[in-house]
Amino acid sequence: MKITSAFIALAALIGAGVDAQANCQSNVVRKEIRSLSPTEWNRVTSVVRNMSNSGWLGWFAHIHNQYFGVIHGNEFFFPWHRRFIRDFESIAQSVDRGFVLPYWDELRDFANPAASEVMSAKFVGTNGQGDGCVRDGNQAGTTLNYPSNHCLRRRYNAGNRINAWYSPEFIQSVLSRSTRMSQLRPGIEFSLHGAIHLAMGGDMLENYSPNDFVFWIHHANIDRIWSVWQTMNPNQNFWSMDGVDNNGRPMGYGTLLPHYNEPVINSMRMGVNGMCFFYDNGGSITNKRRSLLERRGNTKKCIPRLPANLPPMPPIVDGVFNNVDILPVPADTYVQVTIAQKLPPVVLDKWFPTFTGGAAPNVTANAPSAPYAAVAIPNAPYVPDTVPSPPSYSNIPPPYSYSTVPINAGYSTVSDSSIYGSSSTGGYSTVPNNGGYSTVPGSSSSGSYNTVSDSSVSGSSSSGSSSSGSNSYSTSAEDGSYSASDSDSDDMTSDEQEGEYSTSGSSSGIYTGSPLPSDTISSLYNSSAAPSSSSSSVYSEEYHAFDPVDDAAPQGPADKGLKYPMPNPFPMTAHFIKMHNYPIDQIHKEYLIAREFVKDMNAAGYQSPFAKGATA
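Residues numbered from 1 in each chain as written. Predicted model: local features only at pLDDT ≥ 70, side-chain atom pairs only at ≥ 80, totals over all residues. Heavy atoms only, no water.

S.K.: Explain the overall build of the chain here, please?
M.R.: Across its full length, the chain carries 16 helices and eight strands. Counting over 616 residues, the chain shows a buried share of 57%. Excluding contacts between residues fewer than 6 apart, the proportion of contacts in the chain whose partners are at least 24 apart in sequence is 78%. As displayed, the chain offers around 22900 Å² of accessible surface, 51% of which is attributable to carbon and sulfur atoms. (Helix = DSSP H or I, 4+ residues; strand = E, 2+ residues; numbered from the N terminus. Buried < 20%, exposed > 50% of the residue type's maximum accessible area, 1.4 Å probe, protein only. Contact = heavy atoms within 4.5 Å. Areas by Shrake-Rupley, 256 points an atom, 1.4 Å probe, with all protein chains shown as cover.)

Quick look at the structure:
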């Protein structure tokens, strides 16, 4: 009898007491915020205001603050936040059963975020005024009650502008280069995730960031990106869960999510176990194999193509979209086409390995299909007889437990049918009946709200400040500057510190002869081992939207004929790194990779269709 790795993994789950997954009776479909009808958006606004006034928004800000130190910087990041935003959505549906949490496709706005329609009075509002208060958008005029009464505050990171953040091409590269969770998580958490928090400032730059509705639509998009990666290569990616927590303990399927005390695996698959949602993703990308003998030598490649039945795309002028607000697909989906068609093989091999060597990108929209069909959302709002009130912020410290179930921390290989099939066809399973999703007072102990004392989790406090020995930080350090002493980069060459690369052997100036910076930095962060303290390590990132070309002039229209070259993303600041206790060596490594990616894209003459509006 042939024993497969999938069989072994399934046996391990069954041995751990994991039964058949409970399918959701119905699933909602989360849509990009700009695609909502006026009626749908009015519903969202009404529910969010209700939750703010009733204290629920403050409750979720409290929970995020309490567990802040253990849900970031490790592989809890994706599953915990998926469970968290589903909890929010569930409570919102107790206010109005037609509520569906939208997501914000921030990638299409990367070059000029402040100009996005999302950041306008029509949706979530604009920048804070002189006192930092936001006076328009869906939360205008509301009083937030956590940690104390205040208005919603924002303070953009470039005055009334927002510095460029990460491009859809870069995020697509992270998805393509990541073969396990412990690679994907830092690639996303240290890039797009942090960039949006930094860009907004105000409440979004505090431990209690769920006060701002931007938090919810941002994390819905981060969760969507995880779901896209899961289905890019299901046998490799879907059940990937490795790495360690912040105490160095190995994580696996049976590791319990902080606060919820549910195994991680419960949050890994949509459509089951209370994860009753999918993302629209705007349709599927198809992959048509064709020969590229004339264009790219003796190679074959799977070319992504957009489906034929999509609504019309907005016009492209000078290689960029004039209006990204009406794009019918997420930006990370769309750029698969331009990436595959416009980049030379050397760049594809380096940054998009799943696109080359005959390996298809294999990205499909994770849209619901039988038996997980979405149900129609009622037009009229539904208000139950009694809307549950949030629990009080009691300081009852539950045991901070982690699973000791001996489940392998690695991932299993599974077939497509086991992912999307019904429970009777071998779908992977989780522990049933261990906590509902309307976690209101009186629910079961595994799903009820349990809080911890302000000092029991990583030194966090209700005021949003954090102190843990030498890891304390000051909220005044928001300028992104560090002192030059004790730098983790002392043992690197000057070229490595600046992210420079050799152009030898490449007429196009594309870095080809050496490994990525992640392979050359001597003080690598190893996510398979406990992260070492970096509180005494400091380094600085000097930000330039456009790096020099040949150390002479900034990149611009004359370089490679690009009217809109790709800008560098804005790096993390001192305040943000310290409040998360992120490992500085890895932050530096990830930022060098991002800068190198931008250099290679511009050197290759690649015009991102979303780059309009970037300024130095």
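S.K.: Explain the state of the cysteines to me, please; I cannot follow it from the model alone.
M.R.: Working definition of a disulfide: a covalent bond connecting the sulfur atoms of two cysteines. Within this structure, the stated rule accounts for two disulfides. The partner cysteine of Cys24 in its disulfide is Cys276, sulfur to sulfur 2.1 Å. The chirality of the disulfide connecting Cys24 with Cys276 is left-handed, given an S-S dihedral of about -85°. One end of the pair, Cys24, is in the loop between helix H1 (5-15) and strand S1 (28-30); the other, Cys276, is in the loop between helix H8 (234-237) and strand S2 (277-279), with 252 residues separating them in the sequence. Exposure class is identical for Cys24 and Cys276. Each is buried. Between the sulfur atoms of Cys133 and its disulfide partner Cys151 the distance amounts to 2.0 Å. Classification of the bridge connecting Cys133 and Cys151 rests on its S-S torsion, roughly -75°, and on that basis the disulfide is left-handed. Residue Cys133 is found in the loop between helix H4 (77-95) and helix H5 (168-177), and its partner Cys151 is found in the loop between H4 and H5; the two are separated by 18 residues along the sequence. For Cys133, a relative accessible area of 14% corresponds to the buried category. Each bonded cysteine of the chain is numbered by sequence order, and under that numbering the disulfide pairs are 1-4, 2-3. (Disulfide = S-S within 2.5 Å.)

S.K.: Is there a simple way to think about helix H7 (residues 213-232) in this case?
M.R.: Side chains three or four residues apart in an α-helix point the same way, a direct result of the helix having 3.6 residues per turn. Counted at 1.5 Å a residue, the expected span for H7 with its 20 residues is 28 Å, and the 29 Å between its end C-alpha atoms agrees. Of all the 20 residues making up H7, 20 are buried; the element is thus mostly covered by neighbouring parts of the structure. Looking at where H7 begins, the residue whose side-chain oxygen comes 3.0 Å from the main-chain nitrogen of Val214 is Asp212. (Expected span 1.5 Å × (residues − 1). Polar contact = N/O pair within 3.5 Å; in protein donor to acceptor, adjacent residues only side chain to side chain.)

S.K.: Would you mind showing me how to read the packing of aromatic side chains here?
M.R.: What the rule picks out here adds up to 31 aromatic pairs. Measuring from centroid to centroid gives 5.4 Å for Phe170 and Phe597, while their planes differ by 75°, and the two rings are edge-to-face. Of this pair, Phe170 sits in helix H5 while Phe597 is found in helix H16 (residues 584-603), placing the two residues 427 residues apart along the sequence. Overall, the relative accessible area of 0% leaves Phe597 in the buried class. Ring geometry for Phe215 and Trp216: centres 4.9 Å apart, planes at 80°, overall edge-to-face. According to the relative accessible area criterion, Phe215 is buried, its value standing at 0%. An aromatic cluster of at least three residues, connected via ring pairs, comprises Trp56, Phe60, Trp80, Phe84, Phe88, Phe99, Phe215, Trp216 and Tyr260. (Phe/Tyr/Trp six-rings, centres within 6.5 Å; stacked < 30°, edge-to-face > 60°.)

S.K.: Where do I start with the environment of Gln607 in this structure?
M.R.: Among the secondary structure elements, Gln607 is positioned in the segment after H16. Note on Gln607: relative accessible area 10%, which makes it buried. For the pair Gln607 and Leu343, spaced 264 residues apart in sequence, the C-alpha separation works out to 9.9 Å. For Gln607, the residues in contact, after removing those within four places along its chain, are Asp318, Gly319, Val320, Lys342, Leu562, Lys563 and Tyr564. Polar contacts involving the side chain of Gln607 include one to the main-chain carbonyl oxygen of Tyr564, which spans 2.7 Å.

S.K.: Honestly, helix H2 (residues 38-54) in this entry has me stumped. Any pointers?
M.R.: For H2, built from 17 residues, the straight-helix expectation of 24 Å at 1.5 Å per residue is met to within 8% by its first-to-last C-alpha distance of 24 Å. Residues of H2 that are buried: Trp41, Arg43, Val44, Thr45, Val47, Val48, Met51 and Ser52. In this structure, the buried side of H2 is in contact with helix H3 (56-66), H4 and H7. Gly55, located one to two residues past H2, shows a positive phi value of around 100°.

S.K.: What am I meant to see in unusual backbone geometry here?
M.R.: Negative phi values dominate among residues other than glycine, just as trans dominates among peptide bonds. Along the chain, Tyr146 connects to Pro147 via a cis peptide bond; the corresponding omega equals -5°. Looking at the secondary structure, you find Pro147 in the loop between H4 and H5. Look at Asn261: it is not a glycine, yet its phi comes out positive at around 55°. Mapped onto the elements of the fold, Asn261 is located in the loop between H8 and S2. Judged by relative accessible area, which is 28%, Asn261 ranks as partly exposed. One non-glycine residue with positive phi stands out, namely Asn273, at about 55°. In this structure, Asn273 sits in the loop between H8 and S2.

S.K.: So what exactly am I meant to see when it comes to the pattern of salt bridges here?
M.R.: Between side chains of opposite charge, pairing is possible as soon as their charged atoms come close. The full count for this structure, using the stated rule, is 23 salt bridges. Of the charged contacts, one joins Glu596 and Lys350 as a salt bridge, the two residues approaching to 2.7 Å between their closest N and O atoms. Placement of Glu596 in helix H16 and of Lys350 in helix H11 (residues 345-351) is noted, with a sequence separation of 246 residues between them. Accessibility expressed as a relative area gives 2% for Glu596, which makes it buried. Bridged by salt links that share partners, the residues Glu32, Arg34, Asp109 and Asp325 form one connected network. (Salt bridge = Lys/Arg side-chain N within 4 Å of Asp/Glu carboxyl O.)

S.K.: How should the side chain of Glu169 be read in this particular structure?
M.R.: Along the chain, the position of Glu169 falls in helix H5. Lacking a salt bridge, the buried Glu169 has Lys342 as its closest oppositely charged neighbour, with an N-O distance of 8.3 Å. Engagement of the side chain of Glu169 in a polar contact is seen with the side chain of Ser608, the distance being 2.8 Å. Filtering out sequence-adjacent residues up to four positions away, Glu169 remains in contact with Val335, Ile339, Phe352, Met566, Phe597, Tyr606, Ser608 and Pro609. (Lys, Arg positive; Asp, Glu negative; His and termini not counted.)

S.K.: I keep staring at the nonpolar core and nothing clicks. Help me out?
M.R.: Val124, Trp165, Met200, Phe213 and Trp216 are the most contacted members of the largest nonpolar core, which totals 117 residues. No other element matches the 12 residues that H7 contributes to this core. Counting 11 residues, the second largest nonpolar core, distinct from the first, contains Leu198, Leu205, Met572 and Tyr582. (Core = buried A, V, L, I, M, F, W, Y, C linked by side-chain atoms within 4.5 Å.)

S.K.: Could you clarify how one ought to interpret the packing of H2 against H3 in this entry?
M.R.: In helix packing, the relevant descriptors are the interaxial angle and the interaxial distance, both defined with respect to the helix axes. Packing of H2 against H3 brings their axes to within 4 Å, and their N-to-C directions diverge by 75°. The orientation of H2 with respect to H3, classified from their angle, is roughly perpendicular. Taken together, the residues of H3 that come into contact with H2 (itself represented by Met51, Ser52 and Ser54) are Trp56, Leu57 and Phe60. When the residues that make up the contact of H2 with H3 are grouped by side-chain class, the tally is four nonpolar, two polar and no charged. (Axes fitted to C-alpha atoms, helices over the stretch in contact; angles between N-to-C directions. Parallel < 35°, antiparallel > 145°, perpendicular 65-115°, else oblique. Nonpolar A, V, L, I, M, F, W, Y, C, P; charged D, E, K, R; others polar.)

Structural measurements only, silent on function.
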